[in-house]
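Analysis of the macromolecular model
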Amino acid sequence: MTIRKTTVTVTFFPESEYVDGRYVEGTPETKDIQAVVMRCSMKEKQLMSEGYRGRETLKLYFSPEAFQEIEMGDTENPSTFTINGKVYEQLSTEHWDQLIEHTKVQVIEQEP
């Protein structure tokens, strides 16, 4: 069986910081990564908040190397993932280091 990977553009927002006593807003950065993209199952959708269930939700699986290249967002500034022209927001992130090391990210389509 072959696993098909898709190019995903990740936009992430590094943390803001103070430089020489001045507050400097983190500037968005963009990287392309290779990820396996799958739709969330109905069971996974039922576990989401009610407002999310009507929007398209996906799960992305990618390698630890790709994970190290990007900084995952937080609740204030979630990372965005562009897949086939559609923009999705990061919903949750899980890093697994047993058996096959990988990162799983659930994303939800941005509201228009």
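Residues numbered from 1 in each chain as written. Predicted model: local features only at pLDDT ≥ 70, side-chain atom pairs only at ≥ 80, totals over all residues. Heavy atoms only, no water.

In terms of regular secondary structure, the protein chain is built from two helices and eight strands. If you list the helices and strands of the protein chain from N to C, you get β-β-β-β-α-β-α-β-β-β. By residue count, 35% of the 112 residues in the protein chain fall in the buried class. Accessible surface, the protein chain as shown: approximately 7900 Å² in total, 48% of it carbon and sulfur. (Helix = DSSP H or I, 4+ residues; strand = E, 2+ residues; numbered from the N terminus. Buried < 20%, exposed > 50% of the residue type's maximum accessible area, 1.4 Å probe, protein only. Areas by Shrake-Rupley, 256 points an atom, 1.4 Å probe, with all protein chains shown as cover.)

With that settled, consider the environment of glutamine 98. On the secondary structure map, glutamine 98 appears in the loop between β7 (86-96) and β8 (102-109). Given a relative accessible area of 49%, glutamine 98 falls into the partly exposed group. At a separation of 3.4 Å, a polar atom in the side chain of glutamine 98 contacts the side chain of aspartate 97. (Polar contact = N/O pair within 3.5 Å; in protein donor to acceptor, adjacent residues only side chain to side chain.)

Before going further, it helps to examine the packing of aromatic side chains. In the structure shown here, the tally under the stated rule is one aromatic pair. Seen in terms of ring centroids, tyrosine 18 and tyrosine 23 are 5.3 Å apart; in terms of plane orientation they differ by 65°. Their pairing is edge-to-face. (Phe/Tyr/Trp six-rings, centres within 6.5 Å; stacked < 30°, edge-to-face > 60°.)

Pairing is antiparallel in the closed barrel, where six strands are placed in the order β1-β4-β5-β8-β7-β6. Averaged over all pairs of adjacent strands, the angle between strand axes in this sheet comes to 45°, irrespective of strand direction. Sheet topology places strand β1 (residues 6-12) next to strand β6 (residues 80-83); three bridges connect them, and they run antiparallel. Note on β6: the bridge partner recorded for threonine 9 is threonine 82. (Pairing = 2+ DSSP bridges. Axes fitted to C-alpha atoms, helices over the stretch in contact; angles between N-to-C directions.)

Take the confidence of the model for the protein chain next. A low pLDDT score tells you not to read the predicted coordinates there in detail. Chain-level pLDDT for the protein chain is 82 on average; 88% of the residues reach the 70-or-more range. Element-level pLDDT for the protein chain is lowest in helix α2 (residues 64-69), with a mean of 68, against a maximum mean of 92 in β6. (pLDDT = per-residue confidence, 0-100.)

On to the nonpolar core. Ranked by size, the top nonpolar core spans 14 residues in total, and within it Val8, Leu60, Phe62, Phe81 and Val107 carry the most contacts. Elements supplying a minimum of two residues to this core: β1, β4 (29-39), β5 (57-62), β6 and β8. Beyond its immediate chain neighbours, meaning those up to four positions away, valine 8 contacts Lys31, Asp32, Ile33, Ala35, Val37, Leu60, Phe81, Thr82 and Ile83. (Core = buried A, V, L, I, M, F, W, Y, C linked by side-chain atoms within 4.5 Å. Contact = heavy atoms within 4.5 Å.)

Of all the eight residues making up β8, six are buried; the element is thus mostly covered by neighbouring parts of the structure. Relative to β8, β5 runs antiparallel, the two being bridged by six bridges. The residue of β8 that forms the bridge with phenylalanine 62 is threonine 103. When β7 meets β8, the two strands line up antiparallel, connected through eight bridges. In the sheet register, tyrosine 88 faces β8, and the bridge partner there is glutamate 109.

Tracing the backbone shows arginine 55 in the loop between α1 (42-46) and β5. For the buried arginine 55, no salt bridge is present, and the opposite-charge side chain at shortest range is glutamate 111, 4.3 Å distant. Excluding residues that lie within four positions of it along the chain, arginine 55 makes contacts with Lys45, Ile108, Glu109, Gln110 and Glu111. (Lys, Arg positive; Asp, Glu negative; His and termini not counted. Salt bridge = Lys/Arg side-chain N within 4 Å of Asp/Glu carboxyl O.)

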